[in-house]
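# A structural walkthrough
Listed below, chain by chain, are the residues.
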Amino acid sequence: MNTEAYLFLALFAAAALGFALSPLALAWLWAKMFSPRKSGAVKNAIYECGLAAEPTGWVQFKSEYYLYGIIFLIFDVESIFLLPFAVACKHLPFAACLAMLIFVLLLVEGLAWAWAKGVLAWK
Amino acid sequence: MKTDSPEDLARQGVVLTTVEGLYNWGRKNSLWPLQFGLACCAIEMIAASMARFDIARFGAEVFRPSPRQADLMIVSGTVTKKMAPQVVRLYNQMPEPKYVIAMGACAISGGPFRDGYNVLKGIDLYIPVDIYIPGCPPRPEALLDGLIALQKKITAQHLTGPGRPRHLDSRAAGEFPVPEFGAHDLVGPTLPKAEVS
């Protein structure tokens, strides 16, 4: 077995690792020798527009956007598919019709669900 | 054999330097200012960064939108008491080493609005200012002159010893107290006014 080719690869990997790590090591050494860490509460604050950070970054996000996602799928994406489906439906094989019907029925289920939830009512 | 000075050697094409010299040379030629302006002085600062005056010639054209990446705070304009805590907080969030240029009469002392109830009487009440640039507003050339003065100051700084700059001294303060809004005025400790030399 020709090991020299692999030795070359190992040397290459070691050189690459050294190339990447030596600046980091130098920076670490520099900080250790000369430049002390100066951190504090204000410096480590999460917000950096000059205003005081709100008490915490842990806030609850409402996940109600999924309703818009469902309704967008029903009224926008589905209509794009419905027109070519209606045009080509006579010549489609049975399997394709079935697949398309499943897709439409899935979206109709979403519509029924949104309707039952009262999302469609204009307030 | 006589010993040559570094200048003689440089003339012969041999460049010698010290770690300190290299460090300061790198720092003084890449002073990235924080991108913010407070009043009309900021317009002159913007002019200084454009093609006619071209602050890029001195390595200070990279205005950073985040204090985490900035080395230099150019306080360009009137600091109102409402704005002062934000300015101090931004300064505190900049990494060391950091420098401050007070640009214009307002940033130095309140300027023509000094008697206003809402105007801070100089940003050096709350953060240490390295270079004061007088003028109302100072022309872009004056800002460049102040930048060059700051570069000279950086070149003269030593890595070790009692006179070393604040960022290399572990005992020196890293953060300055942020003033708070009181009932009638800003509350909080202020720095002693700098001696004019």
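Residues numbered from 1 in each chain as written. Chains lettered and ligands numbered in written order. Predicted model: local features only at pLDDT ≥ 70, side-chain atom pairs only at ≥ 80, totals over all residues. Heavy atoms only, no water.

## Structural notes on the sheet that holds strand 2 (residues 99-103) of chain B
Residue and element names in this part refer to chain B. Quick note on the threshold: A strand pair is defined by DSSP finding two or more bridges across the two strands. Helix and strand definitions here come from DSSP, where helices need a minimum of 4 consecutive H or I residues and strands a minimum of 2 consecutive E residues; each element is numbered from the N-terminal end. As a rule, the C-alpha atoms of each element are fitted with a line to give its axis, helices using only the stretch in contact, and angles between N-to-C directions run from 0 to 180 degrees.
Strand order in the open sheet formed by three strands is 1-2-3, and the pairing between neighbours is parallel. Looking at which strands have only one partner, the edges of the open sheet turn out to be strand 1 (72-76) and strand 3 (131-133). Neighbour to neighbour, the strand axes of the sheet diverge by 15° on average, direction disregarded. Sheet analysis places strand 1 next to strand 2, joined by five bridges and oriented parallel. Looking at strand 2, one finds that Ile-74 is bridged to Ile-101.

## Overview of the pattern of salt bridges
Pairing of side chains with opposite charge becomes possible as their charged atoms draw close. Residues and elements named next belong to chain B. Going by this rule: By convention in these notes, a salt bridge is any Lys or Arg side-chain nitrogen within 4 Å of a carboxyl oxygen on Asp or Glu. We call a residue buried when its accessible area falls under 20% of the maximum for its residue type, exposed when it is over 50%, and partly exposed in between, using a 1.4 Å probe and counting protein chains only.
In the structure shown here, the tally under the stated rule is seven salt bridges over all chains. The partner of Lys-153 in a salt bridge is Asp-130, with the nearest N and O atoms 2.8 Å apart. You can see Lys-153 sitting in helix 6 (residues 140-155) and its partner Asp-130 sitting in the loop between helix 5 (104-109) and strand 3, a full 23 residues away along the chain. Looking at Lys-153, the relative accessible area reads 34%, which means it is partly exposed.

## Remarks on the interface of chain A and chain B
The following threshold applies: Here a residue-residue contact requires only that any non-hydrogen atoms of the pair lie within 4.5 Å. The buried area of a pairing is the accessible area, by a 1.4 Å probe, that goes missing from both parts when the two are put together, added over both. Any pair of N or O atoms that falls within 3.5 Å is considered a polar contact. Within protein, one atom must be able to donate a hydrogen and the other to accept it, and sequence-neighbouring residues count only if both atoms are side-chain atoms. Amino acid classes used here: Ala, Val, Leu, Ile, Met, Phe, Trp, Tyr, Cys and Pro are nonpolar; Asp, Glu, Lys and Arg are charged; the rest, including Gly, are polar.
Residue-level contacts link 18 residues of chain A with 26 residues of chain B. Taken together, both faces of the contact between chain A and chain B bury some 1600 Å²; the carbon and sulfur share is 57%. On the chain A side of the interface with chain B, the three residues burying the most area are Lys-38, Lys-43 and Glu-48 of chain A, jointly 38% of the side's total. Along the contact surface separating chain A from chain B lie zero salt bridges. If you look at where chain A meets chain B, you find nine residue pairs in polar contact (both at pLDDT 80 or more). Of the residues that constitute the side of chain A that touches chain B, the class distribution is 11 nonpolar, four polar and three charged.

## Focus on the side chain of Gln-151 of chain B
Along the chain, Gln-151 of chain B falls in helix 6. Filtering out sequence-adjacent residues up to four positions away, Gln-151 of chain B remains in contact with Lys-28, Asn-29, Leu-31 and Phe-58 of chain B.

## As for the packing of helix 2 (residues 19-28) of chain B against helix 6 of chain B
Residues and elements named next belong to chain B. Note the cut-off: When describing relative orientation, an angle under 35 degrees is termed roughly parallel and one over 145 degrees roughly antiparallel, while 65 to 115 degrees is termed roughly perpendicular and anything else oblique. Should the near helix be turned anticlockwise from the far one by less than a right angle, the crossing is left-handed, and should it be turned clockwise, the crossing is right-handed.
One way to put it is that helix 2 packs onto helix 6 with a least axis distance of 9 Å and a crossing angle of 160°. For the element pair helix 2 / helix 6, the angle class is roughly antiparallel. The two elements helix 2 and helix 6 meet at a crossing, and its hand is right-handed. Together, Asn-24, Arg-27 and Lys-28 of helix 2 and Gln-151, Ile-154 and Thr-155 of helix 6 make up the contact between the two elements. Split into classes, the residues belonging to the contact of helix 2 with helix 6 amount to one nonpolar, three polar and two charged.

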